[in-house]
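# Structural features, examined
One-letter residues, chain by chain:
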Amino acid sequence: MTMTLFAQANQTATDNIVANESTTENNIVNKTNTTMYTTREIKEIESKILYDIVHAMPYVDRKYFIAKIVEKCDVPRRHFYNWQDGYARIPTFAKKVIEMIVGRPLFEATSGM
């Protein structure tokens, strides 16, 4: 069975489009899986997470939550507020303590960085 010249060109164009789409999807997937954040971006992400957790609590419970983190991490209270306000990165040991107190993983996006 012979294809017309137009049909062959159309089939070739379709094959190229499909190949390009799959290549683009693979590039996007690879880029998102290996995204590297700057220190500033990490601080912003982590501080937003911590701020949202603290401010989702009733006002009365916040001071107890903060006191527990400060006590377990053995850091001054101002360090906690620096983490929350994005002035300093949250150390790995403090992330683990915060996740333990909250009871679920919070910093998965920035873990290992």
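Just above sits the structure.
For the structure given in this document, a descriptive report is provided here.

The rules behind these values
Residues numbered from 1 in each chain as written. Predicted model: local features only at pLDDT ≥ 70, side-chain atom pairs only at ≥ 80, totals over all residues. Heavy atoms only, no water. Core = buried A, V, L, I, M, F, W, Y, C linked by side-chain atoms within 4.5 Å. Buried < 20%, exposed > 50% of the residue type's maximum accessible area, 1.4 Å probe, protein only. Helix = DSSP H or I, 4+ residues; strand = E, 2+ residues; numbered from the N terminus. Contact = heavy atoms within 4.5 Å. Salt bridge = Lys/Arg side-chain N within 4 Å of Asp/Glu carboxyl O.

Membership of the largest hydrophobic core comes to 17 residues, with the highest contact counts inside it found for Leu 50, Ile 69, Phe 80, Trp 83, Ile 90 and Ile 98. Counting only elements with at least two residues in this core, the list comes to helix 2 (39–56), helix 3 (59–73), helix 4 (77–85) and helix 5 (92–102). It is helix 3 that contributes the most residues to this core, five residues altogether. Not counting chain neighbours up to four residues away, the residues in contact with Leu 50 comprise Phe 80, Trp 83, Gln 84, Ile 90 and Ile 98.

Turning next to the pattern of salt bridges. Enumeration over the complete set of coordinates arrives at three salt bridges. In this structure, the salt-bridge partner of Glu 44 is Arg 40, at a minimum N-O distance of 3.5 Å. In this pair, Glu 44 and Arg 40 both sit in helix 2, four residues apart, roughly one turn of the helix. Using a relative accessible area of 45% as the deciding quantity, one classes Glu 44 as partly exposed. One salt bridge connects Lys 95 with Glu 46, and the closest N-O pair in it is separated by 2.5 Å.

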